[in-house]
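# Close look at the chain arrangement
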Amino acid sequence: MAETTTQDSPLFSVIANPLPHGPLPERPFVAGVHRIKHATEGWEARAAAALRRQVFCVEQGLFDGDDRDAIDDRALTIVALSELCGMPDRVVGTVRIHQPEPGAEPGEWIGSRLAVAADHRRAGSLGASLIRMAVCTATARGCTRFHALVQSQNALLFRRLRWRTLAELELHGRPHHHMEADLVHYPPIHDGAAGFLTLARRAA
């Protein structure tokens, strides 16, 4: 028997519902794959510095003109690179790690200047992946304590990643949490130049 299509059938419903009038809303392209690694190339370090200025100086107004300080002379910069067809495209996230002072014992490490590009903040896990690389890199270098000053709005993310709050304070006119990582959950990553890949998870 031949199949008929009526106004109550699913097929008719699909065809009968027109698309919204006007152009569909545009969303910026976000690469599906990112590599989290140490900044080993000059362009990676320069792009990371530019991203920090955009986030901390332009967007948040925490610093006037540039957020660079003396710590950058000894810090290790970590970047998140968007990849297209297996090739690096641009730096879309960064964080730095360092010891409290030059020549310090290898046990204590600090993370700071965590930043993700605005058009990649909806990609999901970039911040968490940068934190993972930061702590696991330090663990590979003999870290026994890793801590950071975290803006209060980001404290929940760090708690989910097995960090705990030691104290709450104000820094640069904004509330922060002094937080410490549970190193049990951060095994060492020794090859920071290669790093690891992470897949973007688009937010709804």
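Since the model is a prediction, treat every value here as computed from it, not as a measurement.

Taking burial as the measure, the nine residues of strand β2 (residues 76-84) include seven buried ones, the bulk of the element. Across six bridges, strand β1 (residues 33-38) lies against β2 in antiparallel orientation. From the neighbouring strand, I36 faces β2, where its bridge partner is A80. The pairing of β2 with strand β3 (residues 87-98) spans nine bridges and is classified as antiparallel.

Summed over the entire model, instances satisfying the criterion amount to two aromatic pairs. Pairing F146 with W163 gives two aromatic rings, centres 5.8 Å apart and planes at 85°, and the pair type is edge-to-face. Here the residue F146 occupies a position in strand β5 (residues 145-151), and W163 occupies one in strand β6 (residues 163-171), the gap between them amounting to 17 residues. In this pair, the class of F146 matches that of W163, namely buried. Summarising the aromatic geometry, the rings of F158 and W163 are spaced 4.9 Å apart at their centres and angled 90° between planes, so their arrangement reads as edge-to-face.

In this section: the side chain of E83. With respect to the helices and strands, E83 occurs in strand β2. Owing to a relative accessible area of 13%, E83 belongs among the buried residues under this scheme.

Before going further, it helps to examine the pattern of salt bridges. For the structure shown, the criterion picks out 14 salt bridges. One salt bridge connects R121 with E59, and the closest N-O pair in it is separated by 2.8 Å. One end of the pair, R121, is in the loop between β4 (108-116) and α3 (126-140); the other, E59, is in helix α2 (residues 42-59), with 62 residues separating them in the sequence. By relative accessible area, which is 41% here, R121 ends up partly exposed. Take E59: its relative accessible area is 35%, and that puts it in the partly exposed class.

With respect to topology, eight strands assemble into an open sheet ordered β6-β7-β5-β4-β3-β2-β1-β8, the strand pairing being mixed. Of all strands in the sheet, those bounded by a partner on one side alone are β6 and β8 (196-199). Here the strands of the sheet are splayed against their neighbours by 30° on average, with no regard to which way each runs. Across the sheet, α2 lies against β1, β2, β3, β4 and β5, angled at about 70° from β3, the strand it touches most.

Rules behind the numbers
- Residues numbered from 1 in each chain as written.
- Predicted model: local features only at pLDDT ≥ 70, side-chain atom pairs only at ≥ 80, totals over all residues.
- Heavy atoms only, no water.
- Buried < 20%, exposed > 50% of the residue type's maximum accessible area, 1.4 Å probe, protein only.
- Helix = DSSP H or I, 4+ residues; strand = E, 2+ residues; numbered from the N terminus.
- Pairing = 2+ DSSP bridges.
- Phe/Tyr/Trp six-rings, centres within 6.5 Å; stacked < 30°, edge-to-face > 60°.
- Salt bridge = Lys/Arg side-chain N within 4 Å of Asp/Glu carboxyl O.
- Axes fitted to C-alpha atoms, helices over the stretch in contact; angles between N-to-C directions.
- Contact = heavy atoms within 4.5 Å.

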